Amino acid sequence: MALATMEDSPRSPEAKLGMRVEDLWDVQEAQLSPTEKLNACFESIPVSAFPLAPSNQEIEIKSDATLAEAVKILARHNILSAPVVDVDASEDASWIDRYIGIIEFAGIVVWILHQSEPASPRSPSTPPSSASAIAAAANGVTFALELEALGLGSATTTSGNFFEDLTSSELYKNTKVRDIAGTFRWAPFLALERSNSFLTMLLLLSKYKMKSVPVVDLGAGRIDNIITQSAVIHMLAECAGVQWFESWGTKKLSDVGLPLVTSNHIIKVYEDEPVLQAFKLMRKKRVGGVPVMERGGSRAVGNMSLRDVQFLLTAPEIYHDYRAITVKDFLTAVRSYIEKNKNAFPMSSEFITCKMDCTIKELIQILDQEKIHRVYVVDDDGNLQGLITLRDIISRLVHEPRGYFGDFFDGVLPLPANSRV
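Residues numbered from 1 in each chain as written. Predicted model: local features only at pLDDT ≥ 70, side-chain atom pairs only at ≥ 80, totals over all residues. Heavy atoms only, no water.

Observations concerning the overall build of the protein chain
Right, on to step 1. The secondary structure content of the protein chain amounts to 17 helices and 13 strands.
Right, on to step 2. Residue burial in the protein chain is summarised as follows: out of 421 residues, 49% are buried.
Right, on to step 3. Taking contacts inside the protein chain between residues at least 6 apart in sequence as the whole, the part at least 24 apart equals 67%. (Helix = DSSP H or I, 4+ residues; strand = E, 2+ residues; numbered from the N terminus. Buried < 20%, exposed > 50% of the residue type's maximum accessible area, 1.4 Å probe, protein only. Contact = heavy atoms within 4.5 Å.)

Listed below in structure tokens is the structure:
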């Protein structure tokens, strides 16, 4: 395949960006290594140049919206998270006063799971103003008691109609988005200015483990764009044919130190485990997805990710016939639901794999085409050898120079004391 030249017409805004990097690459000092050249190129491009997210990605949720309303907004626009606007902020508020944080599908479900667990009354991490106390005041009962009444006594006894009952409960309809601020998976609201560099953005999405980075217009005090790990992977996929990308992308996984997570460090679940127990394990281990294993076998039969929790809230009826929802039941129901609603859910629900001789370029194309966040590395017999995520790939593209961020993180809106990200 012939490599693209600057005279070629870019096929997309992302491809145009790739050619801009190529332009900068050509004027870098000859003694720099390829990685140093890429760093220099990305440091020279402001994040304002990144293509704007689709209009449905600019959705904001008001802090006084209920959990039910927030879920409907996320589902209607087919997005997994959105910034939350403080309804009490003044019209001329700065961006850091205007936005509370980012709310996610996963955050709502994980919060529910957290509230269902017994907490020590003497625990210093559970102050009277915690989300559970606020929810109790708003609903007249403690969250744990109402969840117990709905049937969530423990992760092992959850019936198939639990989430159907939950989504029709007054608790779910009355609890406000602002009531769950500061609890599990409520992300710190760290945003970039339009003048910040691509390198800063790429490092935040990789080394600093942010799933998405808002870009703010300081003058307007509002979010101008939201750049996700998936959007960066799509940009890289669109750079196919450009020389700098081809020289990097044609390397084998092992040439760039992938996979970072090897088989003996992969967190796994078994298909006969209760699904909520599996989600709790993911929360405890702070991982976004896990392979699903056959009991007694060494091969994976599926993948379950935190983004799949959206179906517990948006389509609870698909589990109605199960006495207890196991991981296998969950995957079967989700696969069937996605198959029937392909237009609404373009992402794959299958277990996607690659081999160790796969190239970076091939892996990027798989992730972009399948709209997935992780690929499992397997041997010729299908046994797991490793795991590669979007973040892993971005981390191989750039590196953080010594002292690069300086005091960048000073003044970032702090996490509440009882939060976990």
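Focus: the packing of helix 10 (residues 198-205) against helix 11 (residues 229-238)
Right, on to step 1. Between helix 10 and helix 11, the shortest axis-to-axis distance is 10 Å and the interhelical angle comes to 120 degrees. Comparing their axes, helix 11 and helix 10 come out oblique. Crossing of helix 10 over helix 11 shows left-handed handedness. When helix 10 is examined against helix 11, the residues Phe-198, Met-201, Leu-202 and Leu-205 are found in contact with a partner set consisting of Gln-229, Val-232 and Met-235.
Right, on to step 2. Considered class by class, the residues forming the contact of helix 10 with helix 11 number six nonpolar, one polar and no charged. (Axes fitted to C-alpha atoms, helices over the stretch in contact; angles between N-to-C directions. Parallel < 35°, antiparallel > 145°, perpendicular 65-115°, else oblique. Left-handed = near helix turned anticlockwise from the far one by under 90°. Nonpolar A, V, L, I, M, F, W, Y, C, P; charged D, E, K, R; others polar.)

Let's talk about the nonpolar core
Right, on to step 1. By size, the foremost hydrophobic cluster in this structure holds 54 residues, and its most contacted members are Phe-42, Met-201, Leu-236 and Trp-244.
Right, on to step 2. If one sorts the elements of this core by residue count, helix 10 sits on top with seven residues.
Right, on to step 3. Among residues more than four places away in sequence, those in contact with Phe-42 are Val-21, Ser-197, Phe-198, Leu-199, Leu-202, Trp-244, Leu-397 and Val-398.
Right, on to step 4. Ranked by size, the runner-up nonpolar core spans 48 residues in total, among them Ala-65, Phe-311, Tyr-319 and Val-334. (Core = buried A, V, L, I, M, F, W, Y, C linked by side-chain atoms within 4.5 Å.)

Thoughts on the confidence of the model for the protein chain
Right, on to step 1. Across the protein chain, the average pLDDT comes to 80, with 78% of residues at or above 70.
Right, on to step 2. Scored below 50 in pLDDT, residues 119-157 makes 55 contacts in the model with residues more than four places away or belonging to other chains.
Right, on to step 3. Scored below 50 in pLDDT, residues 413-421 shows 23 contacts in the model against residues more than four places distant or in partner chains. (pLDDT = per-residue confidence, 0-100.)

Examining the environment of Pro-83
Right, on to step 1. Here Pro-83 shows up in strand 2 (residues 81-85).
Right, on to step 2. Note: C-alpha distance between Pro-83 and Ile-103 (20 residues apart in sequence) is 6.3 Å.

Let's talk about the sheet that holds strand 13 (residues 384-389)
Right, on to step 1. Here four strands make up an open sheet; going across it, the order is 7-13-12-11 and the pairing mixed. The strands lining the two open edges of the sheet, one partner per strand, are strand 7 (261-262) and strand 11 (353-354).
Right, on to step 2. Relative to strand 13, strand 7 is paired through two bridges, and the arrangement is antiparallel. From the neighbouring strand, Thr-262 faces strand 13, where its bridge partner is Gly-386. (Pairing = 2+ DSSP bridges.)

Points about helix 16 (residues 360-370)
Right, on to step 1. Within the span of helix 16, buried status applies to Ile-360, Lys-361, Leu-363, Ile-364, Leu-367 and Asp-368. The buried residues of helix 16 occupy an angular sector of 160 degrees when the element is viewed end-on, so they sit on one face.
Right, on to step 2. Where helix 16 is buried, its residues contact helix 11, helix 12 (243-249), strand 11, strand 12 (374-378), strand 13 and helix 17 (390-397).
Right, on to step 3. Lys-371 sits one or two positions beyond helix 16 and adopts a positive phi of about 55 degrees. (Arc of directions from axis to C-beta.)

Overview of the pairing of strand 6 (residues 222-228)
Right, on to step 1. Here strand 5 (residues 212-217) runs beside strand 6; their pairing, made up of six bridges, is antiparallel. Counted as the bridge partner of Asp-217 is Arg-222 from strand 6.
Right, on to step 2. Between strand 5 and strand 6, which pair antiparallel one after the other, the connecting turn spans four residues, and Gly-221 there sits at a positive phi close to 70 degrees.

Quick word on helix 10
Side chains three or four residues apart in an α-helix point the same way, a direct result of the helix having 3.6 residues per turn.
Right, on to step 1. Burial within helix 10 is extensive, with eight of its eight residues counted as buried.
Right, on to step 2. Taken as a whole, helix 10 has its buried residues at Phe-198, Leu-199, Thr-200, Met-201, Leu-202, Leu-203, Leu-204 and Leu-205.

A closer look at the side chain of Lys-37
Right, on to step 1. Relative to the elements of secondary structure, Lys-37 occurs in helix 2 (residues 34-43).
Right, on to step 2. Filtering out sequence-adjacent residues up to four positions away, Lys-37 remains in contact with Trp-25, Gln-28, Glu-29 and Leu-32.

Thoughts on the sheet that holds strand 6
Right, on to step 1. Reading across from one edge, 4-5-6 is the order of the three strands in this open sheet, with mixed pairing throughout. Among the strands making up the open sheet, the edge pair consists of strand 4 (192-193) and strand 6.
Right, on to step 2. Packing against the sheet, helix 10 makes contact with strand 4, strand 5 and strand 6, and its axis sits at approximately 145 degrees to strand 5.

Thoughts on the pattern of salt bridges
Right, on to step 1. Evaluation of the coordinates by the stated rule reveals seven salt bridges.
Right, on to step 2. We note a salt bridge from Arg-295 to Asp-272, for which the minimum N-O separation is 3.0 Å. Remark: Asp-272 occurs in the loop between strand 8 (269-270) and helix 13 (275-285) and Arg-295 occurs in the loop between strand 9 (289-293) and strand 10 (300-305); sequence separation between them is 23 residues.
Right, on to step 3. We classify Arg-295 as exposed; its relative accessible area is 51%. (Salt bridge = Lys/Arg side-chain N within 4 Å of Asp/Glu carboxyl O.)

With respect to the pairing of strand 13
Right, on to step 1. Along strand 13, five of the six residues are buried, which leaves the element largely enclosed by surrounding structure.
Right, on to step 2. Both strand 12 and strand 13 contribute to a ladder of five bridges, which runs antiparallel. Paired with Tyr-376 across the bridge in strand 13 is Leu-387.
Right, on to step 3. Counting the residues between successive antiparallel strands, the hairpin from strand 12 to strand 13 contains five residues, one of them, Gly-382, with a positive phi of roughly 85 degrees.

Overview of the packing of aromatic side chains
Right, on to step 1. Counted according to the given criterion, the structure contains ten aromatic pairs.
Right, on to step 2. Seen in terms of ring centroids, Phe-42 and Phe-198 are 6.3 Å apart; in terms of plane orientation they differ by 5 degrees. Their pairing is stacked. Taken together, the residues Phe-42 in helix 2 and Phe-198 in helix 10 connect sequence positions 156 residues apart.
Right, on to step 3. Three or more aromatic residues joined by ring pairs form one cluster here, namely Phe-42, Phe-50, Phe-198, Trp-244, Phe-245 and Trp-248.
Right, on to step 4. We note Arg-295 situated over the ring of Tyr-270; from NZ or CZ to the ring centre the distance is 4.3 Å. (Phe/Tyr/Trp six-rings, centres within 6.5 Å; stacked < 30°, edge-to-face > 60°. Lys NZ or Arg CZ within 6 Å of the ring centre and 35° of its normal.)

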